Amino acid sequence: MTANAPETHAAYGADAASTPTRRAPIKRVRTHHLQDMKDRGEKFTMLTSYDTYTAQVFDEAGIDVLLIGDSASGVVYGHPNSLPITVDELIPLARAVAKSTSRALVMGDLPFGSYQASPEQAYATATRFMKEAGVAAVKLEGGRDMAPQIERLVRGGIPVCAHIGFTPQYEHALGGYRVQGRSDAAAQVLADAQAVQNAGAFAVLVEMVPADLGAELTAALDVPTIGIGAGNQTDAQVLVWQDAFGLNTGRLPRFVKQYADLHRVLLDAASTYAREVKDGTFPGPEHTF
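Residues numbered from 1 in each chain as written. Predicted model: local features only at pLDDT ≥ 70, side-chain atom pairs only at ≥ 80, totals over all residues. Heavy atoms only, no water.

A word on a nonpolar patch on the surface. A contiguous nonpolar patch, built from Val75, Val76 and Tyr77 and spanning about 220 Å² of accessible area, is present on the exposed surface. Mapped onto the elements, Val75 comes out in helix H3 (residues 72–75). (Patch = residues over 30% accessible without salt bridge, like charges linked within 9 Å, V, L, I, M, F, W, Y side chains within 5 Å. Areas by Shrake-Rupley, 256 points an atom, 1.4 Å probe, with all protein chains shown as cover. Salt bridge = Lys/Arg side-chain N within 4 Å of Asp/Glu carboxyl O. Helix = DSSP H or I, 4+ residues; strand = E, 2+ residues; numbered from the N terminus.)

Right, dumping it as structure tokens:
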């Protein structure tokens, strides 16, 4: 086996028949590992990341998938939504994450306007992410209408995660940030899910749908589902890290749980630094040559 060969989950031990089966740890997460986890009924994890240090921390923590999301439009560049960010702005962030991880599967988000026009446009954009950034997969928004794009990417050797339900790049067409798939509309989301799976998507991200629909999608699909505001029955969960860990102090979606208050940590540290500089206690003798 070469250094870059896919890892297996083979049992190890002196007597596999008489000892409990243990799987070798995954050295680098691949799309087939995510499928294996779904098949075994195991959950996996996904977070956004846009820089070297968060990528290293999340990789060390065992996060399975890191997404360089178009959410960088807001959390990195300060735009009010995901629409303004460009391919040229997102690729350097993706490159930083890909270069800083050793285990997680790194996925790049295709920005608005970079893939919708045609399958060939989608392939050209996704190829740039693979070649210039070094990601292992890409994500794009849309259901049945994006099936031709997904088919083209998969045929060209690019793993694709589809994104259905609420799709932020289409917020104006959808009438704002609204839960999708209620009542009769659930059939449309189910049809989108089947279409992107049939087109070759290795996973389906499902955003802002009722929990019972998230569970129904997960049971109906052979490929893994990744939920964000889709209940706890999906095969995985994803959050924007600045939301989950408290760097964002603005209004948060209902589906976000904050696991830390990094805004307070950084505010206290920066305030202490400012005070010590002003009162002359920093730098002290131990910081001086």
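This is not the end of the story, as more comes after the structure.
Per the UniProt record, the feature "active site" (unreviewed entry) sits at Glu207. Turning to its location among the elements, Glu207 is positioned in strand E6 (residues 203–207). Of the residues examined, Glu207 reaches a relative accessible area of 7% and is grouped as buried. Setting aside anything within four residues of it in sequence, one finds Glu207 in contact with His163, Ile164, Gly165, Phe166, Pro168, Ile228 and Phe255. Reaching out from Glu207, the side chain makes a polar contact with the side chain of His163 at a distance of 2.9 Å. (UniProt positions renumbered as here; feature names shortened; annotations may be inferred. Buried < 20%, exposed > 50% of the residue type's maximum accessible area, 1.4 Å probe, protein only. Contact = heavy atoms within 4.5 Å. Polar contact = N/O pair within 3.5 Å; in protein donor to acceptor, adjacent residues only side chain to side chain.)

A few words now on unusual backbone geometry. With the exception of glycine, the majority of residues adopt a negative phi angle, and the majority of peptide bonds are in the trans configuration. A cis amide bond links Phe282 with the next residue in sequence, Pro283, at an omega value of 0°. Along the polypeptide, Pro283 turns up in the segment after helix H11 (262–279). Despite not being glycine, Ser183 shows a phi value in the positive range, around 55°. Summarising the element assignment, Ser183 is placed in the loop between helix H7 (171–174) and helix H8 (186–199). The backbone of Met208 shows a phi angle near 50°, a positive value even though the residue is not glycine.

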